[in-house]
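Notes for the structure review
Given next are the chains, with one letter for each unit.
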Amino acid sequence: MTQQHAKMMRILALMDEAPLKKDPATLRSAPMTDAPALQPRLPVTVLMQCTPLPDHPWLSERRTVVSVLPRLDPAAPRPTAAAAAEPTDMATPQSQLLRFDNLVLELHPDEAENYYLNISTTTPRCFVVMQEASGSTPPEPLLVTASADLAASYESVDHEVAVVTLDPALYLAVETFALTHYIPQEFVKRKRKNWTQP
């Protein structure tokens with residue numbers, strides 16, 4: 001675990017003890033002193049489970065995204081399939097974890113509302129857009145995002161999109177960014193006009 005990851009986890013523990021209020025009336029004045037500095041680019045590591053398919057007529061392996069983490073130290077030992085955050089039901093003793101360290105979770109102010117909607121759900125998600133497989137070349141991660149709308153736009157043009165649980169440290173960074181750039185509007189019910197009066 002890197003120092004940055006450890007720091008984020010400590011901050012998250014403090015927030016669990018004193019949860020940040022998300023009432024629209026209080027968001028604008030909510031103190032952010034315990035939150036990390038805004039980070040519009042978050043280096044990440046994508047872990048994919050690779051399962052051999054010796055009996056499949058045309059596929060040699062199946063690759064499944066199991067987690068997206070803050071970028072791991074290149075010198076750290078490679079995690080095993082047993083250590084995956086979300087191992088799939090297809091895991092076998094021959095399964096391996098592939099590690100992709102060349103990706104960045106980018107946060108954009110115009111997507112802040114989508115990030116807010118994501119972190120407001122029971123289980124916030126991270127979306128991994130895959131490159132299109134060509135011939136015998138297996139698919140690899142192309143883009144990582146916390147915006148369901150952006151992921152859907154890629155899916156609409158036939159890109160495969162993997163969905164995993166948002167890592168706690170990444171959640172904190174996305175939450176800080178979303179609450180800085182998006183203030184949800186409090187719903188105000190419009191009064192009905194009394195058409196019986198002149």
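To keep things clear, this report deals only with the structure shown in the data block.

About the thresholds
- Residues numbered from 1 in each chain as written.
- Predicted model: local features only at pLDDT ≥ 70, side-chain atom pairs only at ≥ 80, totals over all residues.
- Heavy atoms only, no water.
- Salt bridge = Lys/Arg side-chain N within 4 Å of Asp/Glu carboxyl O.
- Helix = DSSP H or I, 4+ residues; strand = E, 2+ residues; numbered from the N terminus.
- Expected span 1.5 Å × (residues − 1).
- Buried < 20%, exposed > 50% of the residue type's maximum accessible area, 1.4 Å probe, protein only.
- Polar contact = N/O pair within 3.5 Å; in protein donor to acceptor, adjacent residues only side chain to side chain.
- Pairing = 2+ DSSP bridges.
- Phe/Tyr/Trp six-rings, centres within 6.5 Å; stacked < 30°, edge-to-face > 60°.
- Axes fitted to C-alpha atoms, helices over the stretch in contact; angles between N-to-C directions.
- Parallel < 35°, antiparallel > 145°, perpendicular 65-115°, else oblique.
- Left-handed = near helix turned anticlockwise from the far one by under 90°.
- Contact = heavy atoms within 4.5 Å.
- Nonpolar A, V, L, I, M, F, W, Y, C, P; charged D, E, K, R; others polar.
- Core = buried A, V, L, I, M, F, W, Y, C linked by side-chain atoms within 4.5 Å.

Throughout the structure, instances matching the rule amount to 2 salt bridges. A salt bridge links Glu106 to Arg41, with the shortest nitrogen-to-oxygen separation between them at 2.5 Å. Remark: Arg41 occurs in strand E1 (residues 41-52) and Glu106 occurs in strand E3 (residues 96-106); sequence separation between them is 65 residues.

One full turn of an α-helix is made of 3.6 residues, so residues set three or four places apart face in the same direction. In a regular helix each residue adds 1.5 Å, so 14 residues correspond to 20 Å; helix H5 (residues 168-181) covers 20 Å between its end C-alpha atoms and thus fits that length. Most of H5 is tucked away: 11 of the 14 residues are buried. Capping the start of H5, Asp167 holds a side-chain oxygen 3.0 Å from the backbone nitrogen of Ala169, two or three residues further along.

This paragraph deals with the pairing of strand E4 (residues 125-130). Taken residue by residue, a regular strand's side chains alternate between the two faces of the sheet. For E4, the tally of buried residues reaches 5 of 6 residues, placing the bulk of the element in the interior. Here E4 runs beside strand E5 (residues 141-145); their pairing, made up of 4 bridges, is antiparallel. From the neighbouring strand, Val128 faces E5, where its bridge partner is Val144.

A separate point is the side chain of Asn118. For Asn118, the position within the fold is in helix H3 (residues 112-119). Overall, the relative accessible area of 9% leaves Asn118 in the buried class. Polar contacts involving the side chain of Asn118 include one to the main-chain carbonyl oxygen of Arg125, which spans 2.7 Å.

Per the counting criterion, the structure on display carries 2 aromatic pairs. Here Tyr116 and Tyr182 contribute two aromatic rings whose centre-to-centre distance is 5.4 Å and whose plane-to-plane angle is 55°, an arrangement assigned as tilted. Placement of Tyr116 in helix H3 and of Tyr182 in the segment after H5 is noted, with a sequence separation of 66 residues between them. Across the pair, Tyr182 and Tyr116 agree in class, each one buried.

Orientation of H3 relative to H5, taken along the N-to-C sense of each, is 130°, at an axis distance of 8 Å. Accordingly, the angle class assigned to the pair H3 and H5 is oblique. In this structure, the crossing between H3 and H5 has a hand that is left-handed. Note on element contacts: H5 touches H3 through Tyr171, Val174, Glu175, Phe177, Ala178, Leu179 and His181, opposite Ala112, Tyr115, Tyr116 and Ile119. In the contact of H3 with H5, the residues fall into 9 nonpolar, 1 polar and 1 charged.

Glancing now at the environment of Val104. Looking at where Val104 falls in the secondary structure, it is placed in strand E3. Placed 61 residues apart in sequence, Val104 and Pro43 show a C-alpha to C-alpha distance of 4.4 Å. In contact with Val104, not counting residues within four places along its chain, are Arg41, Leu42, Pro43, Val44, Arg71 and Val144.

On to the side chain of Thr145, then. Mapped onto the fold, Thr145 is located in strand E5. Polar contacts involving the side chain of Thr145 include one to the main-chain amide nitrogen of Ser147, which spans 3.0 Å. Discounting chain neighbours no more than four positions away, the residues touching Thr145 are Leu105, Cys126, Phe127, Leu150 and Ala151.

Within the secondary structure layout, Glu61 lies in strand E2 (residues 61-70). Along the backbone, Glu61 and Thr51 are 10 residues apart, and their C-alpha atoms lie at a distance of 5.4 Å. Beyond its immediate sequence surroundings of up to four residues, Glu61 is in contact with Cys50, Thr51, Pro52, Leu53 and Pro138.

Of all hydrophobic cores here, the largest spans 32 residues; its most connected members are Val46, Val65, Val68, Leu105, Val128, Val144 and Val174. Beyond its immediate stretch of four places on either side in the chain, Val65 contacts Val46, Leu47, Met48, Val128, Met130, Ala162 and Val164.

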